[in-house]
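Survey of secondary and tertiary structure
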Amino acid sequence: MQTTFTIRRTVQTDAAPIVAILQQTQWVPHFTNENLQEHSKRISDLLAGPYSTSTRHSAYVAEDENITGYVAVHGLPYIFLATPEGYISEIFVDEQFRKKGIGKALFKTV
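1. Focus on the overall build of the chain
Of regular secondary structure, the chain possesses four helices and four strands. For the chain, the α and β elements follow one another from N to C terminus as β-α-α-α-β-β-β-α. On C-alpha atoms alone, the chain measures out to a radius of gyration of 14 Å, which is about the 13 Å that the 2.2 N^0.38 rule sets for 110 residues. Dimensions along the principal axes, computed over C-alpha positions, put the chain at roughly 40 × 35 × 25 Å. Per-residue burial over the chain gives 35% buried out of 110 residues. Just so you have it, the chain exposes about 7200 Å², and 54% of that area is on carbon and sulfur atoms.

Written as structure tokens, this is what we have:
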């Protein structure tokens, strides 16, 4: 079954779905139920701040009816390069949407 999704820049309200994806992965141990609101607030602040106002940091989400994955990328300045180079620091896809091209589409976007 083909999954239809779109890729767009993150907005502040994407914080809670991003936290849910991170919690689901169990790869980041400090994303526990006790701290979900705290993590959502912190990520919301990042999405409203550096990720929305800086040209060096950006994040994108894949969504169908819900957020299915996200990617964060940063422009790093190098002495030997004329322009910054992109560095992907995070790319996660909801486990029920894996192997459907979402991660690849997020990667291609950045």
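From this point, things continue past the structure.
2. Comments concerning the sheet that holds strand E2 (residues 57–63)
In spatial order, the strands read E1-E2-E3-E4; together these four strands make up an open sheet with antiparallel pairing. Two strands lie at the open edges of the sheet, namely strand E1 (6–9) and strand E4 (85–93), each paired on one side alone. Across the sheet, the mean angle from the axis of one strand to that of its neighbour is 20 degrees, orientation sign disregarded. Of the strand pairs in this sheet, E2 and strand E3 (residues 67–76) are connected by seven bridges, and their pairing is antiparallel. Residue pairing in the sheet places Ala 59 in a bridge with Ala 72 of E3. Together, E2, E3 and E4 form the strand contacts of helix H1 (residues 15–25), whose direction differs from that of E3 by roughly 95 degrees.

3. Regarding the packing of H1 against helix H2 (residues 36–48)
It is at 8 Å that the axes of H1 and H2 come closest, and there the two elements cross at 125 degrees. Comparing their axes, H2 and H1 come out oblique. Relative to H2, the crossing made by H1 is right-handed. Taken together, the residues of H2 that come into contact with H1 (itself represented by Ala 15, Ala 16, Ile 18, Val 19, Leu 22 and Gln 23) are Leu 36, His 39, Ser 40, Ile 43, Ser 44 and Leu 47. The class makeup of the residues in the contact of H1 with H2 is eight nonpolar, four polar and no charged.

4. Structural notes on helix H4 (residues 102–109)
Along an α-helix, residues three or four positions apart point the same way, because every turn accommodates 3.6 residues. Within the sequence span of H4, burial applies to Ile 102, Ala 105 and Leu 106. Angularly, the buried residues of H4 cover 100 degrees about the axis, an arc narrow enough to put them on a single face. Looking at H4, the residues exposed on the side facing more than 90 degrees away from the buried face are Lys 104, Phe 107 and Lys 108. For H4, the elements touching its buried residues are E1, E2, E3 and E4.

Rules and cut-offs
Residues numbered from 1 in each chain as written. Predicted model: local features only at pLDDT ≥ 70, side-chain atom pairs only at ≥ 80, totals over all residues. Heavy atoms only, no water. Helix = DSSP H or I, 4+ residues; strand = E, 2+ residues; numbered from the N terminus. Rg over C-alpha atoms; globule rule 2.2 N^0.38 Å. Buried < 20%, exposed > 50% of the residue type's maximum accessible area, 1.4 Å probe, protein only. Areas by Shrake-Rupley, 256 points an atom, 1.4 Å probe, with all protein chains shown as cover. Pairing = 2+ DSSP bridges. Axes fitted to C-alpha atoms, helices over the stretch in contact; angles between N-to-C directions. Contact = heavy atoms within 4.5 Å. Parallel < 35°, antiparallel > 145°, perpendicular 65-115°, else oblique. Left-handed = near helix turned anticlockwise from the far one by under 90°. Nonpolar A, V, L, I, M, F, W, Y, C, P; charged D, E, K, R; others polar. Arc of directions from axis to C-beta.

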